[in-house]
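# Architecture at a glance
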Amino acid sequence: KLIKILNIETKKHNVLPQTIILEITETALLDTNEQTTHILNSLSSHGFKIALDDFGMGYSSISHLNSYPINIVKLDKSMQSTDGDTEKKKNVLEAVAIMLKLLDFIVVAEGIETEVQLSVCHQLKIDRIQGYLLGKPSPAHILEDKLKAQQ
């Protein structure tokens, strides 16, 4: 039913499923069941991209990366270094990012709030970044106005 609704809406608004990224959290995958697997596989087969959010938060399982049709892995902000733990967290972030890139995932670093964190992500060739350094969450109408102003 969900896939039918999504297909109707994408056609109605003239949006290709390949341009839509659906995010699921790791906690949603804790209780592996056939229904979840079927839904995610079906969404993927219709062209929707699947992003695994909060990877590294404490429920991480490498098996999730192989068991589900995941395209994008979003590294939890807890993996970002702060003032006192820069080198150790950087090493963990680097190891996880390298592993994910070797497995052909798009890697997104969440929680980028400082220039140092941004620099580390650039050094590690993280694919995408998000966080307050780049912009705070805002209502849709404000985002729309900003995008129009950039055109």
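Just so we're clear, the structure is a prediction, and the values are computed from it rather than from any experiment.

### Some remarks on helix 2 (residues 34-45)
With 12 residues, helix 2 should reach 16 Å at 1.5 Å per residue; the first-to-last C-alpha distance of 16 Å fits that figure. Residues of helix 2 that are buried sit in contact with helix 1 (2-12), strand 1 (21-25) and strand 2 (49-55). The positive-phi residue at the C-terminal boundary of helix 2 is Gly47, with phi of around 105°.

### Notes on the pattern of salt bridges
Inspection of every chain in the model, using the stated rule, returns four salt bridges. A salt bridge links Glu23 to Lys74; the nearest nitrogen and oxygen atoms lie 2.7 Å apart. With Glu23 in strand 1 and Lys74 in strand 3 (residues 72-75), this residue pair connects regions lying 51 residues apart in the sequence. On the accessibility criterion, Glu23 (45% relative accessible area) is partly exposed. Residue Lys74 is classed as buried on the basis of its relative accessible area of 5%.

### Notes on the pairing of strand 3
Judged by which residues are buried, strand 3 turns out to be covered on both faces: Ile72 and Lys74 on one side and Val73 and Leu75 on the other are all buried. Where strand 2 lies against strand 3, three bridges are found, and the strand directions are parallel. Looking at strand 3, one finds that Ala51 is bridged to Ile72. Relative to strand 4 (residues 106-109), strand 3 is paired through four bridges, and the arrangement is parallel. Within strand 4, the residue paired with Leu75 across the bridge is Ala109.

Reading the values: rules and limits
- Residues numbered from 1 in each chain as written.
- Predicted model: local features only at pLDDT ≥ 70, side-chain atom pairs only at ≥ 80, totals over all residues.
- Heavy atoms only, no water.
- Helix = DSSP H or I, 4+ residues; strand = E, 2+ residues; numbered from the N terminus.
- Expected span 1.5 Å × (residues − 1).
- Contact = heavy atoms within 4.5 Å.
- Salt bridge = Lys/Arg side-chain N within 4 Å of Asp/Glu carboxyl O.
- Buried < 20%, exposed > 50% of the residue type's maximum accessible area, 1.4 Å probe, protein only.
- Pairing = 2+ DSSP bridges.

So far we have only geometry, and geometry alone does not tell us how the molecule works.
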